[in-house]
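Architecture at a glance
Here is how the chains run, residue by residue.
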Amino acid sequence: MPSLIADNLNTIRATLPSGVSLVAVSKFHPADAIRQAYDAGQRIFGESRANEFVDKAQSLPDDICWHFIGHLQTNKVRQILPYTSLIHSVDSERLLRLIDTESKRIDRRTDVLLQIHVALEETKFGFSPAELQALLDSGVIDTLQSVRVRGVMGMASNVDDNDRITADFQAIARCFDMAHSHLGNDCDILSMGMSHDYPLAIASGANMVRVGSSIFGERCY
Ligand SMILES: *Cc1c(COP(=O)(O)O)cnc(C)c1O
């Protein structure tokens, strides 16, 4: 029997241009909901809390690509690293260096995105465009041995004004261009857009969107 989750997924997929990948944000939803999406063909899932992330990664199928999208505390890095295929939320140089050190220690290479902060409120985490520029100019990223910076992630302001949302996405897209011109073709992911604004994000160049409630329903915190 096709589930509501499968229907939602198919509806969203039909709106995505080719070349845009979909992260199904399953935070706060049970393993059973993830299974339904998995059975509908979804393989990329996003989680935002370390303990929940690890529990789900350990109990669900091995061919799932787990993306970490929430604020990552330095004391949780070691716990999540073995399961991550992409960390979207690297918001400080310290965290970046720590992920490099820990990845080296377990002989892995970790793909990450740098989180950009342009929104009015939403989160205090992330690099401003000027801070990103400074990080790129510092050459620190070139010294990392076990981390590959694959692009940037950002969120628009949580407002109803589409012009403001688009302005935020364009600012994040300019950060992506900046990173791409420093780091080259390995830097190829622009992660932006959530349930209510992902079409605007795609219009501004996103090639990865992170959609939760439109797939799984409202979260019960
Ligand atoms: C929760 C979350 C999402 C998904 O939000 P929805 O509005 O449920 O689609 C996307 N990105 C991040 C960083 C999130 O924390």
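Structural data are supplied above this passage.
I will try to describe carefully the structure that is included in this document. Note that the coordinates shown come from a computational prediction; the quantities given were computed from them, not determined experimentally.

Rules used throughout
- Residues take numbers from 1 onward in each chain, read along the sequence in its written order.
- Where totals are concerned, whole chains, interfaces and linings use all residues; where local detail is concerned, this predicted model gives features only for residues with pLDDT of at least 70, and gives and counts side-chain atom pairs only at 80 or more.
- Only hydrogens and water are set aside when side-chain values are computed; all heavy atoms of the structure are taken into account.
- Only DSSP runs of H or I covering at least 4 residues are called helices, and only runs of E covering at least 2 are called strands; the numbering of each starts at the N terminus.
- Working rule for helices: expected span equals 1.5 Å times residues minus one.
- In this scheme, a residue with accessible area under 20% of its type's maximum is buried, one over 50% is exposed, and one in between is partly exposed, where area comes from a 1.4 Å probe on protein chains only.
- Only heavy atoms enter the contact rule, under which two residues are in contact if any of them lie within 4.5 Å.
- Salt bridges are defined by distance alone: a side-chain nitrogen of Lys or Arg within 4 Å of a carboxyl oxygen of Asp or Glu.
- Each axis is a line fitted through C-alpha atoms, taken for helices only over the stretch in contact, and angles between the N-to-C directions span 0 to 180 degrees.
- Our angle categories are set so that under 35 degrees counts as roughly parallel, over 145 as roughly antiparallel, 65 to 115 as roughly perpendicular, and the remainder as oblique.
- Polar here means any residue other than Ala, Val, Leu, Ile, Met, Phe, Trp, Tyr, Cys and Pro, which are nonpolar, and Asp, Glu, Lys and Arg, which are charged; Gly is therefore polar.
- By nonpolar core is meant a set of buried Ala, Val, Leu, Ile, Met, Phe, Trp, Tyr and Cys residues that side-chain atoms within 4.5 Å join together.
- A 1.4 Å probe that fits but cannot get out identifies a cavity on a 1 Å grid over protein atoms alone, an open set with protein on both sides within 12 Å along at least five of seven lines counts as a pocket, and a residue lines either if it has an atom within 4 Å of a point.
- Grid points are joined across faces, edges and corners, and a volume is the space filled by probe spheres set on the points.
- For this description, a residue counts as near a given molecule or strand if any of its non-hydrogen atoms is within 4 Å of it.
- Counted as a polar contact is a pair of N or O atoms within 3.5 Å, where, for protein atoms, one must be capable of donating a hydrogen and the other of accepting one, and residues adjacent in sequence contribute only when both atoms are in side chains.
- Using a 1.4 Å probe, the Shrake-Rupley method yields the accessible areas, and only the shown protein chains count as cover for residues.
- The way we define it, a molecule is inside a pocket or cavity when more than half of its atoms are within 2 Å of that pocket's grid points.

Relative to the 18 Å expected for 13 residues at 1.5 Å per residue, helix 5 (residues 93–105) spans 18 Å between its end C-alpha atoms, a close match to the ideal helical length. When helix 5 is considered as a whole, its buried residues turn out to be Leu 95, Leu 96, Ile 99, Asp 100, Glu 102 and Ser 103. Packing partners of the buried residues in helix 5 comprise helix 4 (77–80), strand 4 (84–90), strand 5 (110–116), helix 6 (129–138), helix 7 (140–143) and strand 6 (147–154).

Let us now look at the side chain of Glu 47. Along the chain, Glu 47 falls in strand 2 (residues 44–47). Setting aside residues up to four positions removed in sequence, Glu 47 forms contacts with Ser 26, Lys 27, Phe 28, Ile 34, Glu 52, Phe 53, Lys 56, Trp 66, His 67, Phe 68, Ile 69 and Gly 70.

Turning next to the pattern of salt bridges. Enumeration over the complete set of coordinates arrives at twelve salt bridges. Two residues, Arg 49 and Glu 52, come together in a salt bridge whose shortest N-O distance is 2.9 Å. With relative accessibility at 41%, the residue Arg 49 sits in the partly exposed group. Note that Arg 78 is salt-bridged to Glu 102, the shortest N-O span being 2.9 Å. Residue Arg 78 is found in helix 4, and its partner Glu 102 is found in helix 5; the two are separated by 24 residues along the sequence.

This part covers the packing of helix 6 against helix 8 (residues 162–183). Put simply, helix 6 and helix 8 touch, their axes get as near as 10 Å, and they point 5° apart. One finds that helix 6 runs roughly parallel with respect to helix 8. Along the contact surface, helix 6 presents Pro 129, Leu 132, Gln 133, Leu 136 and Asp 137, while helix 8 presents Cys 175, Met 178, Ala 179, His 182 and Leu 183. Per-class residue counts for the contact of helix 6 with helix 8 are seven nonpolar, two polar and one charged.

Let's shift gears to the nonpolar core. Among soluble globular proteins, nonpolar side chains are generally buried collectively. Ranked by size, the top nonpolar core spans 64 residues in total, and within it Ile 87, Leu 96, Ile 99, Leu 114, Val 209 and Ile 215 carry the most contacts. Of all the elements, helix 8 adds the most residues to this core, at nine residues. Setting aside residues no more than four positions away along its own chain, Val 209 makes contact with Leu 16, Val 20, Ser 21, Leu 22, Val 23, Met 192, Gly 193, Tyr 198 and Ile 202. Formed by nine residues, the second largest nonpolar core is a distinct cluster that contains Val 25, Ile 44, Ile 69 and Leu 113.

Roughly 560 Å³ of internal volume is contained in the largest pocket. Lys 27, Ser 48, Ile 69, Met 155 and Met 194 are the residues nearest the centre of the largest pocket, which is lined by 22 residues in total. By residue class, the composition of the lining of the largest pocket is eight nonpolar, ten polar and four charged.

The next point concerns the site of the ligand. Close contacts around the ligand come from Val 25, Lys 27, Ile 69, Met 155, Met 194, Ser 195, Arg 210, Val 211, Gly 212, Ser 213 and Arg 219, and that covers them all. Lys 27 is positioned with one of its side-chain polar atoms (N or O) 2.7 Å from an oxygen atom of the ligand. Its free accessible area being 390 Å², the ligand has 90% of it covered by the protein chains. Put simply, the ligand lies in the largest pocket. Across the shell around the ligand, the residue classes tally to five nonpolar, three polar and three charged.

Taken by themselves, the reported measurements are silent on function.
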